[in-house]
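Topology and contacts: notes
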Amino acid sequence: MENFRYYVPTDIRFGKNRLNELPEALKQFGQKILFVYGGGSIKTNGLYDEVLKQLIDFEVSELSGIEPNPKIESVRKGIQIAKENNVKVILAVGGGSVIDAAKIIAAGYYYDGDAWDLVLDSSKINLALPIVDVLTIAATGTEMNRNAVISNSETKEKLGAHGLNLIPKISFLDPTNTFSVSKYQTAAGSIDIMSHIFEQYFNSTLATDLQDAISEGILKTVIKNTPIALKEPINYDARANLLWASSIALNGLESTGKIGGWTVHPIEHELSAYYDITHGVGLGIITPRWLQYILNSRLDVTKKIAQYGKNVWGIVGEDDLKIAQKAIDETYSFFKSLEIPMSLSELNINNEN
Ligand code: NZQ
Ligand code: ZN
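This report concerns the structure included in the present document. Since the structure is predicted, the reported quantities are computational estimates derived from the model, not experimental observations.

1. Some words on the pairing of strand β4 (residues 89–94)
- Of all six residues in β4, six are buried; the element is thus mostly enclosed.
- The two faces of β4 match: V89, L91 and V93 on one face and I90, A92 and G94 on the other face are all buried.
- With five bridges joining them, strand β2 (residues 32–37) and β4 adopt parallel strand pairing. If you follow I33 over to β4, its bridge partner there is V89.
- Sheet analysis places β4 next to strand β5 (residues 131–135), joined by five bridges and oriented parallel. Following the sheet pairing, L91 is matched in β5 by V132.

This is how it looks when you write it as structure tokens:
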């Protein structure tokens, strides 16, 4: 295991009926708020009204319409509103896209140049406005991490930026806020959670038993609860397990003591940059193919995929290569059972693309 620093100061407020804590959560940062949200799901499910009720004592500016795969134009708009209104804290209510946009708005508030500079070069991210969020979908882990992923449709780039000051100060995780997430987005979110684990688990640093065991536990949790949430969208326990899995899968815990890069995410981000596809769906298509591609590349790789097969899927046997192959097949079948596209052509990405 390698040396590491683990610093995740987010104050997590998990569970239902906690929105009345919002004024206290925000007040410590100031009275002037930028309320950021997405394309309208929070208006349809009533969360928008519930949040506004809590904000009567605050001066509120709004930025709506943050798109999935959030665009730099929305970030620029948010920075302008925040500067014009001398905002003190950002309240992001929505999914990963809304929270990621809020993060770069928060940093852009203190930056004099164009916000895209911050995405291209994280070393330019210093101070940032505090962020409080109400998460509405289990997927990215942004609610408890330092990352933001922003797209630029002009340059066809989708890039991650990072900064310690981007870590949300307080995240409200209420599983009931995820009841209205569609089947498609629920499935995509679960695959995203699993992919975050895969990126950190399939790693050649030795002696990371604890990190691996936590990873295997999260994978089993997602595999168990996703079909339940798809069948019963308002099943509290299923939604609760997925929501907490999303935060724990990408808050740095599973990569502590490990070194190594990510593989599937960078490929998916290129696909999203060009074709604006749903992140988790892209990951679902690429992941089993990538596992197949690396399967026989090195003995330790085969062994690690076999470990995943044994500990997550309960596959038994003596031959690691056979177990690993079965694990890849199980992964593909599981993703397919979630009824999402499993090929690029189903997303209209064909040979000419
Ligand atoms: O925009 P609204 O109307 O809110 O609808 C959204 C959107 O259409 C909808 N939705 C969210 N919560 C809902 C809901 N619909 C009904 N009920 C609810 N409660 O779901 C759609 C997708 O939302 P989005 O925020 O895009 O989803 P997600 O959380 O999966 O975020 C994806 C983005 O995060 C990036 C992805 O690349 C993508 O841009 N990622 C961010 C990471 C990070 N910051 O650490 C890591 C990830 O690997 C990922 O790259
Ligand atoms: Zn992801």
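Alright, that's what it looks like, and here's the rest.
2. Quick word on the side chain of E216
- In this fold, E216 is placed in helix α8 (residues 209–231).
- Despite being buried, E216 has no salt bridge partner; K220 is the closest side chain of opposite charge, sitting 6.6 Å away.

3. Brief notes about the nonpolar core
- Residues L34, V75, I90, I104, I305 and Y308 are the most contacted members of the largest nonpolar core, which totals 86 residues.
- Apart from residues lying up to four places away in sequence, Y308 is in contact with F198, Y201, F202, L219, W313, A327 and T331.
- In terms of nonpolar packing, the next biggest core, distinct from the first, is built from 20 residues, L26, L47, V51 and I170 among them.

4. Quick notes on the site of ligand 1
- Surrounding ligand 1, one finds 31 residues, the nearest of these being S41, G96, S97, K158 and H196.
- Within the side chain of S97, an N or O atom sits 2.6 Å from an oxygen atom of ligand 1.
- The contact in question runs from an oxygen atom of ligand 1 to an N or O atom on the side chain of H196, over 2.7 Å.
- In isolation ligand 1 exposes 960 Å². Once the protein is present, 89% of that is buried.

5. So, helix α13 (residues 320–337)
- In this model, α13 (18 residues) spans 25 Å end to end at C-alpha, consistent with the 26 Å of a helix rising 1.5 Å per residue.
- Those residues of α13 that fall on the buried side of the exposure criterion are I323, A324, A327, I328, T331, F334 and F335. Each buried residue of α13 lies within a common arc of 140 degrees when the element is viewed along its axis, so the set occupies one face.
- Among the structural elements, α7 (183–201), α8, α11 (279–294) and α12 (299–313) are those in contact with the buried residues of α13.
- For α13, the N-terminal capping position is held by D319, with its side-chain oxygen 2.9 Å away from the main-chain nitrogen of L321.
- Where α13 ends, the next residue or the one after it, E339, has phi of about 60 degrees, a positive value.

6. Quick word on the coordination of the zinc ion (ligand 2)
- The coordination sphere of the zinc ion (ligand 2), as far as protein atoms go, consists of D192 (OD), H196 (NE2), H265 (NE2) and H279 (NE2), spread over 1.9 to 2.2 Å.
- Between consecutive donors of the zinc ion (ligand 2), the numbers of intervening residues give the motif D-x3-H-x68-H-x13-H. One end of the pair, H265, is in helix α10 (residues 264–275); the other, H279, is in helix α11, and 14 residues separate them in sequence.
- The class of H279 is buried, set by a relative accessible area of 14%.

7. A closer look at a nonpolar patch on the surface
- On the surface, M1, F4 and Y6 cluster together into a nonpolar patch covering about 320 Å² of accessible area.
- Position of M1 among the secondary structure elements: in the segment before β1 (11–14).
- Judged by relative accessible area, M1 falls into the exposed class, the value being 52%.

8. Section: unusual backbone geometry
- Here N69, not a glycine, exhibits a phi torsion of approximately 55 degrees, which is positive.
- When you line up the elements, N69 lands in the loop between β3 (59–63) and α4 (72–84).
- Given a relative accessible area of 9%, N69 falls into the buried group.
- With a phi angle near 55 degrees, K156 is a residue other than glycine that sits in the positive phi range.
- In this fold, K156 is placed in the loop between β6 (147–152) and β7 (157–162).

What counts and what doesn't
Residues numbered from 1 in each chain as written. Chains lettered and ligands numbered in written order. Predicted model: local features only at pLDDT ≥ 70, side-chain atom pairs only at ≥ 80, totals over all residues. Heavy atoms only, no water. Buried < 20%, exposed > 50% of the residue type's maximum accessible area, 1.4 Å probe, protein only. Helix = DSSP H or I, 4+ residues; strand = E, 2+ residues; numbered from the N terminus. Pairing = 2+ DSSP bridges. Lys, Arg positive; Asp, Glu negative; His and termini not counted. Salt bridge = Lys/Arg side-chain N within 4 Å of Asp/Glu carboxyl O. Core = buried A, V, L, I, M, F, W, Y, C linked by side-chain atoms within 4.5 Å. Contact = heavy atoms within 4.5 Å. Near = heavy atom within 4 Å. Polar contact = N/O pair within 3.5 Å; in protein donor to acceptor, adjacent residues only side chain to side chain. Areas by Shrake-Rupley, 256 points an atom, 1.4 Å probe, with all protein chains shown as cover. Expected span 1.5 Å × (residues − 1). Arc of directions from axis to C-beta. Donors = N, O, S within 2.8 Å, 3.2 Å for Na, K, Ca; no water. Patch = residues over 30% accessible without salt bridge, like charges linked within 9 Å, V, L, I, M, F, W, Y side chains within 5 Å.

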